[in-house]
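Report on the structure
Below are the chains, spelled out letter by letter.
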Amino acid sequence: MDLPEILNRLQLSGETEAPSPSLLPGPPVATVLSQIQELLQAGKSSKTKEDILQDVIRLFETADSLWLFSSCCHSEGSDLGKVYVGFTGTLVQYAALPRCETDSGELCESWYSSVPGKACTVAGVLLRLVRRLGASNVVLPCGSTAAPVRSLVRKLLPTVFVFSAAHMQGLPWTDAQSELAARELLAASVQTAGCETLTELLCGKTSSDDEGILGPVLELLKPEMQKETWKLNQATKHVFSWTLIQVSRPWLCSYLDWVFPPSLLISDDYRTENKVLGVHCLHHIVLNVPAAALRQFNRAQVLYHALFNHLYTPEAHLIQAVLPCLLDLLSVLEKPPQKAGDPRKATRYDEVLRLVLTHMEMEHKIPLRRVYARNIPPFIDRLGILIVRHLKRLERVIVGYLEVYDGPEEVARLYTLQALENTIQHAWPRMASRLDVLVKSLLRLIYDVCTDCSPTPQAVKEDLLQRAAHCLILLHRCCDHELQEFTAPAPTRECWNALRKFSRMFEDKKQMWSGLTEL
C-alpha cells in the first residue's frame, strides 16, 4: 500500500499550501501527523480510532524515510520535532488510564478492561516509529549528519519510555500481550538510541555524560508527582519507582532533588501499599547516594523521622521494608557504635532498637513476630558490645520467642536463635548472670522440638536443634564451664527420651555432639 492510498484510507487531504521540503509528492509529514492527531482527539469520527491507528502503523511501515524525517535538517526541523512530540503524546493519552478522583488513588479493575488492547495498538505504532528512526539515523539528503535525527530521537524517547514503564510491570491494567509489546518497544528504544543497556539509555555512558534521558523523563513526571496530582493516575507512582530503581551510583546523586521529595510523598500516604512503595524508593536512594549528599540540607534527619514514625504501624510488610532502610540510614547519621568515643552516649541505634524490642515483647501476631525476629540480628551485629545496654529487654524477648511455635517453617525461632548467638558472641562477659534463664529456655526448646508432632519438616527441626546446641556450647565456653554444674540434677524420663532422640539426630555431626558431651 503506497502513501496516497494510506492517506486516502485515513481520509486526509493531499492538498497543501506549501510544497514539501523534500519535494516528495503528497502533503508534508507535519500536516499529516497533525490531521491524524485531530482525528484521534475528535469525539466522533467516521472511522474507529483503532482502525486509524492500524492505518498509521502501515504509514510508518511503508512511507519513505525522506518524507518522514527529511524536514529535520531544514529550518522548520524544530517545528517537526514539536509535531512528533505532540503526536506521540496524543498516542500515549489514547491508552492512558482513566483519571482517578477517589481519595484512595485506585479504581476497580473493571475500569481498566479496555486499556491493554489500546496499549498494544499504541505500542505497535510507537514501535514502527522508533524502528524507522533507528533505520534513518544516517546521512540525510541535505548533506548534514544524522544529528537532527538523533535530536528527534532524544525528544521522543522520554515519552516512549514512560509509556513502556507504565505497561510492562504486571499491574491491573496490563495483560501478557500488552506487557510483551511494552518490553519490545523499550528494547527497540534502547537500540535506536545506540545504547547497550537500559541504564545507559537513562544515564549515559559516563557520570559526566549528558546524553541520557533520565532528566527529561523526570521532567515529564514532575507535574504528575505533586501532592495534589500523584493519585490522579495510578500508573504514575509505579513508573516513578521503577525508573528510580534503574538508576544507581554515581548518577543518582545528580537527580537527588528530583527523586527525594516524591519518594517521601509516597511513603507518607495513609495506604500501606503506598508506604511500602515509598520506603523502597527511599531505601534505594540511601544505598546509592553519598552520605554527604544525604546529610546536606538535613535530608537524612528528615528521612530518619519519617521512617521512625512508620515503626508504630503494625503492618508486617511495612516493618519489613522500614527496618533494613533504617539500619542503612543510621550508618549515614551515626558513627560506628564501636568508635563513638568515651563515654559512649546513647545514639539513634539505641533509640530504634529500644522501640523495636518494646514492640517485640508485646507482639502476638505471628507475621509481625517473624519480621521482627528476622531483622534483630543485624542490629545486634551493628551495635556490637553496646548491645549490653539492652540485655534485660532482649533476654525477655528471646525467651518469649523461643517458647512459641510459629508454623512449620519456624522462621521466628530460627532468627531468634541467631540473635541469641550474636548476642553471646558480642556480650559474652555478661552471659554468666543470665546463664540460668537462657539454658533453661534452650533445653525447653530442645525438648519441645524432639517431642513435637506438628508437620514441621525434619530439616527445619535439625536446623533448630543445631542452632540451639551451638548456643549451649557458646554459653558453656564463655561462662568458664559453669554449665556442667547447672545441668547436674538428673533429668526426668521424658527429658532423657528427648535428649536421646536429639543425640540420634546429630550422631553424624561428631564435632557438634562432642561439644555437647563436654557438658
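Residues numbered from 1 in each chain as written. Predicted model: local features only at pLDDT ≥ 70, side-chain atom pairs only at ≥ 80, totals over all residues. Heavy atoms only, no water.

**Concerning the overall build of the chain**
Under the convention used in this document: Numbering goes from the N terminus for both helices and strands, where a helix is a DSSP run of H or I of at least four residues and a strand is a run of E of at least two. Throughout, the Shrake-Rupley method with a 1.4 Å probe supplies accessible areas, and for residues the shown protein chains are the sole cover considered.
On a plain count of helices and strands, the chain comes out with 25 helices and zero strands. Accessible surface, the chain: about 24600 Å² in total, of which carbon and sulfur atoms supply 53%.

**Looking at unusual backbone geometry**
Defined as follows: Relative accessibility thresholds used throughout: buried, under 20% of the residue-type maximum; exposed, over 50%; partly exposed, between the two (1.4 Å probe, protein chains only).
Along the chain, R249 connects to P250 via a cis peptide bond; the corresponding omega equals -5°. Structurally, the position occupied by P250 is in the loop between helix 11 (234–245) and helix 12 (256–267). Its identity as a non-glycine residue notwithstanding, F297 has a phi of 60°, on the positive side. For F297, the position within the fold is in the loop between helix 14 (291–295) and helix 15 (299–310). Taking relative accessible area as the criterion, F297 reaches 66% and is therefore assigned exposed.

**Topic: the nonpolar core**
Convention followed: Buried Ala, Val, Leu, Ile, Met, Phe, Trp, Tyr and Cys residues that are joined via side-chain atoms within 4.5 Å together make up what is termed a nonpolar core.
By size, the foremost hydrophobic cluster in this structure holds 158 residues, and its most contacted members are F60, Y84, F240, I285, L311, V352 and L442. It is helix 16 (residues 316–333) that contributes the most residues to this core, 13 residues altogether.

**Some points on the pattern of salt bridges**
Note the cut-off: The term salt bridge refers to a side-chain nitrogen of Lys or Arg lying within 4 Å of a carboxyl oxygen of Asp or Glu.
Going through the model one piece at a time under the given rule, you end up with 17 salt bridges. Where E361 meets R393, a salt bridge forms, and the shortest distance between an N and an O atom there is 4.0 Å. Of the two residues, E361 is situated in helix 17 (residues 348–362) and R393 in helix 19 (residues 391–403); the sequence distance between them amounts to 32 residues. You can call E361 partly exposed: its relative accessible area is 37%. Note on R393: relative accessible area 27%, which makes it partly exposed. Among the ionic pairs, E403 bridges to R444, the shortest N-O distance being 3.7 Å. Of this pair, E403 sits in helix 19 while R444 sits in helix 21 (residues 435–450), and the two are 41 residues apart along the sequence. Given a relative accessible area of 45%, E403 falls into the partly exposed group.

**Concerning the environment of L202**
Formally: In what follows, a contact means two residues having at least one pair of non-hydrogen atoms within 4.5 Å.
Counting through the fold element by element, L202 comes out in helix 9 (residues 198–203). Residue L202 is classed as buried on the basis of its relative accessible area, which comes to 0%. In this structure, the C-alpha to C-alpha distance between L202 and Q246, residues 44 residues apart in sequence, is 8.2 Å. When residues no more than four places from it in sequence are discounted, the contact partners of L202 are F161, G212, I213, L214, T243, Q246 and V247.

**Observations concerning helix 13 (residues 272–288)**
How we decide: One less than the residue count of a helix, multiplied by 1.5 Å, gives the span that helix is expected to have.
The end-to-end C-alpha distance of helix 13, which contains 17 residues, comes to 24 Å, matching closely the 24 Å that a straight helix rising 1.5 Å per residue would cover. Helix 13 sits mainly inside the fold: 13 of its 17 residues count as buried.

**Points about the packing of helix 21 against helix 22 (residues 458–478)**
Formally: Each axis is a line fitted through C-alpha atoms, and for a helix only the stretch in contact is used; angles between axes span 0 to 180 degrees, taken between their N-to-C directions. Every angle not falling under 35 degrees, over 145, or within 65 to 115 is termed oblique; those three ranges are roughly parallel, roughly antiparallel and roughly perpendicular. Left-handed describes a crossing in which the near helix is turned anticlockwise from the far one by less than a right angle; the clockwise case is right-handed. The classification used treats Ala, Val, Leu, Ile, Met, Phe, Trp, Tyr, Cys and Pro as nonpolar, Asp, Glu, Lys and Arg as charged, and all other residues, Gly among them, as polar.
It is at 10 Å that the axes of helix 21 and helix 22 come closest, and there the two elements cross at 155°. Considering the angle they form, helix 21 stands roughly antiparallel to helix 22. Helix 21 and helix 22 meet at a crossing whose hand is left-handed. From helix 21, L435, L438, V439, L442, L443, L445, I446, V449 and C450 reach across to helix 22, where they touch K461, L464, L465, A468, C471, L472 and L475. Residues belonging to the contact of helix 21 with helix 22 are distributed by class as follows: 15 nonpolar, no polar and one charged.

**Here's the deal with the environment of K118**
On the secondary structure map, K118 appears in helix 6 (residues 115–135). Between the C-alpha atom of K118 and that of A95, which follows or precedes it by 23 residues, the distance is 5.2 Å. Residues within four places of K118 in sequence aside, it is in contact with Y94 and A95.

**Re helix 19**
With 13 residues, helix 19 extends 18 Å from end C-alpha to end C-alpha; this agrees with the ideal 18 Å at 1.5 Å per step. For helix 19, the complete set of buried residues consists of L391, L394, E395, V397, I398, V399, Y401 and L402. Those residues of helix 19 that are buried lie in contact with helix 17, helix 18 (366–383), helix 20 (411–426) and helix 21.

**Concerning the packing of helix 16 against helix 17**
Helix 17 packs onto helix 16 with a crossing angle of 160° between their chain directions and a minimal axis gap of 10 Å. With respect to helix 17, the element helix 16 is oriented roughly antiparallel. Note on element contacts: helix 17 touches helix 16 through R348, Y349, V352 and V356, opposite L323, L326, L327, L330, S331 and L333. Residues of the contact of helix 16 with helix 17, tallied by class, amount to eight nonpolar, one polar and one charged.

**Examining the packing of aromatic side chains**
Two aromatic rings, taken as a pair, are described by how far apart their centres are and by the angle between their planes. Filter applied, for reference: Only centres within 6.5 Å qualify two rings of Phe, Tyr or Trp (six-membered ring in Trp) as a pair; their planes then separate them into stacked at under 30 degrees, edge-to-face at over 60, and tilted for everything else.
Under the defined criterion, the tally for this structure stands at five aromatic pairs. Measuring from ring centre to ring centre gives 5.6 Å for Y112 and W173, while their planes differ by 65°; the resulting arrangement is edge-to-face. Taken together, the positions of Y112 in the loop between helix 5 (77–94) and helix 6 and W173 in the loop between helix 7 (147–166) and helix 8 (176–192) put the pair 61 residues apart, joining distant regions of the chain. Taken individually, Y112 and W173 each receive the classification buried, so the pair is uniform in this respect.

**What about the environment of F60?**
With respect to the helices and strands, the residue F60 is situated in helix 3 (residues 49–62). The contacts of F60, once residues within four sequence positions are left out, are L33, L68, Y84, F87, V125, R128, L129 and R132.

**Concerning the confidence of the model for the chain**
Note the cut-off: A score between 0 and 100, pLDDT records how confident the predictor is in each residue.
Taken residue by residue, the chain gives an average pLDDT of 84. The fraction at 70 or more is 80%. Counting contacts from residues 14–24, a segment whose pLDDT is below 50, to residues more than four positions away or on other chains yields 17 contacts.

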